Amino acid sequence: MGQTLEAVAIDYQTENYRDAYSRINAIVIEGEAEAHSNYLQLAELMPEFNEELHRLAKMEDRHKKGFTACGKNLNVTPDMDFAEKFFSELHDNFQKAFATGDIVTCLLIQSLIIECFAIAAYNIYIPVADPFARKITEGVVKDEYLHLNFGEEWLQDHFEDSKATLEQANRQNLPLVWKMLNQVETDAKVLGMEKEALVEDFMIQYGESLGKIGFNTRDIMRMSAMGLVAA
Ligand code: PL3
Ligand code: FE2
Ligand code: FE2
């Protein structure tokens, strides 16, 4: 069940649209802000990639500024309290992993889960976005593929040593994604984005990444549906 392209034209100025946007926009701003700080923390754990990780962090800061402008353009005040709560569990899990120097879990949370979530959401958003936000989101999503690629390459190079930790971190964190998706389902729909399309794009992207890293099809199926049925 894909998204129909001939969808009804969206009125970006209605109260209903702007209300939903105040939460979705906040989520994206918060997500970009957390991504910025997560890459800076990863740089502390991976000093040999210090320069590259600082470059990725800087992109996230630029994304945050871009999405902040999207909200301003629609005269929307982002609901940052909502967004902070939205990310709190993933945030806590990243911080716990960071505290123990667990690079594998940090990369799984930020470079795989969060980036795949962002790539799916942004690709689904682009065709239904207002023209200003569309341009910005198109630029952002290109960068997100680079971020995903950073995690994929490192984990591929360390696959055998990381496998067990990845499975465990996936079990712990993927159910959070489905929970988060359920929390935005109603607002996303107002913006013209269907939950089924978000799930589908996420699964395709995440599954492809797990495959690149070294997991076989059976692992990928099991891992990428983790927590989905119960969600
Ligand atoms: C990492 O670079 C960015 C992290 C952002 C995560 C965003 C998740 C978004 C889920 C909500 C779906 C609506 C998207 C709308 C796009 C403006
Ligand atoms: Fe980003
Ligand atoms: Fe990113």
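Cut-offs and rules
Residues numbered from 1 in each chain as written. Chains lettered and ligands numbered in written order. Predicted model: local features only at pLDDT ≥ 70, side-chain atom pairs only at ≥ 80, totals over all residues. Heavy atoms only, no water. Helix = DSSP H or I, 4+ residues; strand = E, 2+ residues; numbered from the N terminus. Buried < 20%, exposed > 50% of the residue type's maximum accessible area, 1.4 Å probe, protein only. Contact = heavy atoms within 4.5 Å. Areas by Shrake-Rupley, 256 points an atom, 1.4 Å probe, with all protein chains shown as cover. Lys, Arg positive; Asp, Glu negative; His and termini not counted. Charge placed at Lys NZ, Arg CZ, Asp CG, Glu CD. 1 Å grid on protein atoms, 1.4 Å probe; cavity = no way out; pocket = protein on both sides within 12 Å on 5 of 7 lines; lining within 4 Å. Points joined across faces, edges and corners; volume = space filled by probe spheres on them. Donors = N, O, S within 2.8 Å, 3.2 Å for Na, K, Ca; no water. Tetrahedral: all angles 85-135°; square planar, octahedral: opposite > 155°, others 65-115°. Salt bridge = Lys/Arg side-chain N within 4 Å of Asp/Glu carboxyl O. Near = heavy atom within 4 Å. Polar contact = N/O pair within 3.5 Å; in protein donor to acceptor, adjacent residues only side chain to side chain. Nonpolar A, V, L, I, M, F, W, Y, C, P; charged D, E, K, R; others polar.

Caption draft 1: Local environment of the overall build of the chain. Broken down by element type, the chain carries eight helices and zero strands. Moving toward the C terminus, one meets the helices and strands of the chain in the order α-α-α-α-α-α-α-α. Its C-alpha atoms give the chain principal-axis dimensions of about 50 × 35 × 25 Å. Within the chain, the fraction of its 231 residues that count as buried is 50%. Nonlocal contacts in the chain, meaning residues at least 24 apart in sequence, comprise 82% of its contacts between residues at least 6 apart. Within the structure as shown, the chain displays about 11100 Å² of accessible surface, and the carbon and sulfur contribution to it stands at 54%. Side-chain charges in the chain split into 21 positive and 38 negative, and the spacing between the mean points of these groups amounts to 2 Å.

Caption draft 2: Structural detail: empty space enclosed by the protein. Scanning the model with the defined rule gives one cavity of 30 Å³ or more in all. Roughly 410 Å³ of internal volume is contained in the largest cavity. Contributions of two or more residues to the lining of the largest cavity are made by helix H1 (15-45), helix H2 (50-73), helix H3 (80-99), helix H4 (103-125) and helix H6 (159-190).

Caption draft 3: The arrangement of the coordination of the iron ion (ligand 3) in detail. Donor atoms from the polypeptide that coordinate the iron ion (ligand 3) comprise Glu-60 (OE), Glu-115 (OE), Glu-115 (OE), Glu-144 (OE) and His-147 (ND1), at 2.0 to 2.4 Å from the metal. With six donor atoms in place around the iron ion (ligand 3) and angles of 56 to 156 degrees between them, the coordination shape is irregular. For the iron ion (ligand 3), the single-chain donor residues occur in sequence as E-x54-E-x28-E-x2-H. Separating the iron ion (ligand 3) from the iron ion (ligand 2) is a gap of 3.2 Å, bridged by Glu-60, which donates to each. Of this pair, Glu-60 sits in helix H2 while Glu-115 sits in helix H4, placing them 55 residues apart in sequence. There is no split in this pair, since Glu-60 and Glu-115 are both buried.

Caption draft 4: Up close: the pattern of salt bridges. Scanning the model with the defined rule gives 10 salt bridges in all. With its nearest N and O atoms 2.9 Å apart, the salt bridge here joins Arg-23 to Asp-19. With a gap of four residues between them, Arg-23 and Asp-19 both fall in helix H1, about one helical turn apart. Using a relative accessible area of 18% as the deciding quantity, one classes Arg-23 as buried. Arg-222 is paired through a salt bridge with Asp-219; the nearest N and O atoms lie 3.0 Å apart. Taken together, the positions of Arg-222 and Asp-219, both in helix H8 (residues 217-224) and three residues apart, correspond to about one turn of that helix. With relative accessibility at 36%, the residue Arg-222 sits in the partly exposed group. Connected through shared salt-bridge partners, Asp-19, Arg-23 and Asp-187 make up one network.

Caption draft 5: Representation of the site of ligand 1. Taken together, 15 residues form the shell around ligand 1, and within it Glu-32, Glu-60, Glu-115, Tyr-125 and Glu-144 come nearest. Within the contact set of ligand 1, an oxygen atom lies 2.8 Å away from a side-chain nitrogen or oxygen of Glu-60. Expressed as a share of its isolated accessible area of 530 Å², the protein-covered part of ligand 1 is 99%. Only H1 and H4 provide two or more residues apiece to the shell around ligand 1. Sort the elements by how many residues they give to the shell around ligand 1 and H4 lands first, with seven residues. Of the residues in the shell around ligand 1, the class split is 10 nonpolar, one polar and four charged.

Read these as geometric descriptors, not functional statements.
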